[in-house]
Amino acid sequence: MLLHVTHETRYEYSPPVETAQHLAHLKPLATGSQKLVSHKLSIEPAPAQRSEQADLYGNTRAFFALEATHDRLVVTAESMVETSQPVLSPAVARELPWESVRERFRFRKDATFDAASEFVFPSPYVPRHDDFVAYARASFVPGRPAFDVAMDLTERMYADFAYDADSTEINTPAVEALAQRKGVCQDFAHIMIACFRTMGLPARYVSGYLLTQPPPGQPRLVGADASHAWVSVYLPGEDDGTGGSPGDWVDFDPTNGRQPGEDYVTLAIGRDYSDVSPMRGVLHGGARHTLRVGVTVQPVGEVVDGLPQTRTQSPSQDKESP
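Just so you know, these numbers come straight off a predicted model, no measurement behind them.

1. So, the nonpolar core
Phe140, Met157, Ile191, Met192, Phe196 and Phe252 are the most contacted members of the largest nonpolar core, which has 58 residues in total. Here the element with the most residues in this core is helix H5 (residues 185–198); it accounts for nine residues. For Phe252, the contacting residues outside a window of four places in its chain are Phe147, Ala150, Met151, Thr154, Met192, Trp230, Val231, Val233, Arg258, Gln259 and Pro260. In this structure, Val17, Ala20, Ala24 and Leu211 belong to the second largest nonpolar core, which totals 26 residues.

If you want it as structure tokens, here you go:
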């Protein structure tokens, strides 16, 4: 698919902001199933400084600084992405039991370093907790292949959890969302990652977009979509006598009970939301602000002209939804 994504972020400040520095993760990644065709990042007012570089995980991170007083900030990212159906790498040992994957990531002196090991440890939004182990156990059946464990957990969460945009905030602990069995895709991704990490397996957070379909007979609404989040699980290759050959990351979406396909656009990857938040900044002034986010994902050929309409969010959050 050839998809056009517009992501507009609009801040309005009271009183005005005097100076500000911002970081943005708004440029889609290039992956094995995704090619970035074009990307443009527009910023109003124009920043005094602006740069772009790759972060630790290979995401493109944009930095910009505003040195003049301003009462609003509008950041618009327009991207065109060519996607294809993800294919499981032949290097992956699909039938490898989850216990064998766990053993590969146990600490051993002089063991060969595997970059995926970084995603076994707790992170700011994904702590260790016995409640995650208790929920995960039903999927982590002894001897079950790690791929099947991930698919089972994805489907269980889809059945057990209710999507409720008003049930959590950006800083709601994942264990609280687990207890109430409701939240948004960000919560579900953190819960699934926590389940894997507490069982000793690597899992990482993926931010991006999902092409949604309008109701039959209704036009696609500009600005009505939202950013999305799902989970990537590391599946090693066969044991080659040196601790295991390299494998690959495989994506799962517990919010929708499925694996992502060509209707998904990957934006950034990290340990959790804190590594890949679309926008963050440090401000001098602007004690109060409102935030409006508008996202439109459309197949090229039905791109709607005009500026994105925006949806209002509370000043303290930039939650994602499916």
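Next, the rest of the story.
2. Description of the pattern of salt bridges
Overall, the coordinates contain seven salt bridges when judged by the stated rule. The salt bridge partner of Arg106 is Glu103, with a shortest N-O separation of 2.7 Å. Residue classification places Arg106 among the partly exposed positions, given a relative accessible area of 42%. Of the charged contacts in the structure, one is a salt bridge between Arg144 and Asp152, with a shortest N-O distance of 3.4 Å. Note on Arg144: relative accessible area 24%, which makes it partly exposed.

3. What to know about empty space enclosed by the protein
In the structure shown here, the tally under the stated rule is one cavity of 30 Å³ or more. One number sums up the size of the largest cavity: a volume of about 40 Å³. As for the largest cavity, its lining consists of Ala24, Leu26, Lys27, His39, Leu41, Glu52, Thr60 and Ala62. Elements that contribute at least two residues to the lining of the largest cavity include exactly strand E1 (2–27), strand E2 (34–44) and strand E4 (60–66).

4. Some remarks on the packing of aromatic side chains
Summed over all chains, the structure comprises 13 aromatic pairs. With a centroid separation of 5.0 Å and an interplanar angle of 90°, the aromatic rings of Trp98 and Phe140 are classed as edge-to-face. Here Trp98, found in helix H1 (residues 98–104), pairs with Phe140, found in the loop between helix H2 (130–136) and helix H3 (146–160); they are 42 residues apart in sequence, far enough to count as distant. One exposure class covers both Trp98 and Phe140, and it is buried. Taken together, the ring pairs in this structure connect Tyr57, Phe105, Phe119, Tyr234 and Trp249 into an aromatic cluster. Positioned above the aromatic ring of Phe147 is the side chain of Arg94, whose terminal nitrogen or guanidinium carbon lies 3.7 Å from the ring centre. Its end group placed over the ring of Tyr135, Arg156 keeps NZ or CZ at 4.2 Å from the ring centre.

5. Here's the deal with the confidence of the model for the protein
Per-residue confidence for the protein gives a mean pLDDT of 89, with 89% of residues at or over 70. Here strand E14 (residues 311–313) is the element of the protein with the lowest mean pLDDT, 37, and H2 is the one with the highest, 98. With pLDDT under 50 throughout, residues 305–322 is counted as low confidence; its partners more than four residues away or in other chains account for 63 contacts.

The rules behind these values
Residues numbered from 1 in each chain as written. Predicted model: local features only at pLDDT ≥ 70, side-chain atom pairs only at ≥ 80, totals over all residues. Heavy atoms only, no water. Core = buried A, V, L, I, M, F, W, Y, C linked by side-chain atoms within 4.5 Å. Buried < 20%, exposed > 50% of the residue type's maximum accessible area, 1.4 Å probe, protein only. Helix = DSSP H or I, 4+ residues; strand = E, 2+ residues; numbered from the N terminus. Contact = heavy atoms within 4.5 Å. Salt bridge = Lys/Arg side-chain N within 4 Å of Asp/Glu carboxyl O. 1 Å grid on protein atoms, 1.4 Å probe; cavity = no way out; pocket = protein on both sides within 12 Å on 5 of 7 lines; lining within 4 Å. Points joined across faces, edges and corners; volume = space filled by probe spheres on them. Phe/Tyr/Trp six-rings, centres within 6.5 Å; stacked < 30°, edge-to-face > 60°. Lys NZ or Arg CZ within 6 Å of the ring centre and 35° of its normal. pLDDT = per-residue confidence, 0-100.

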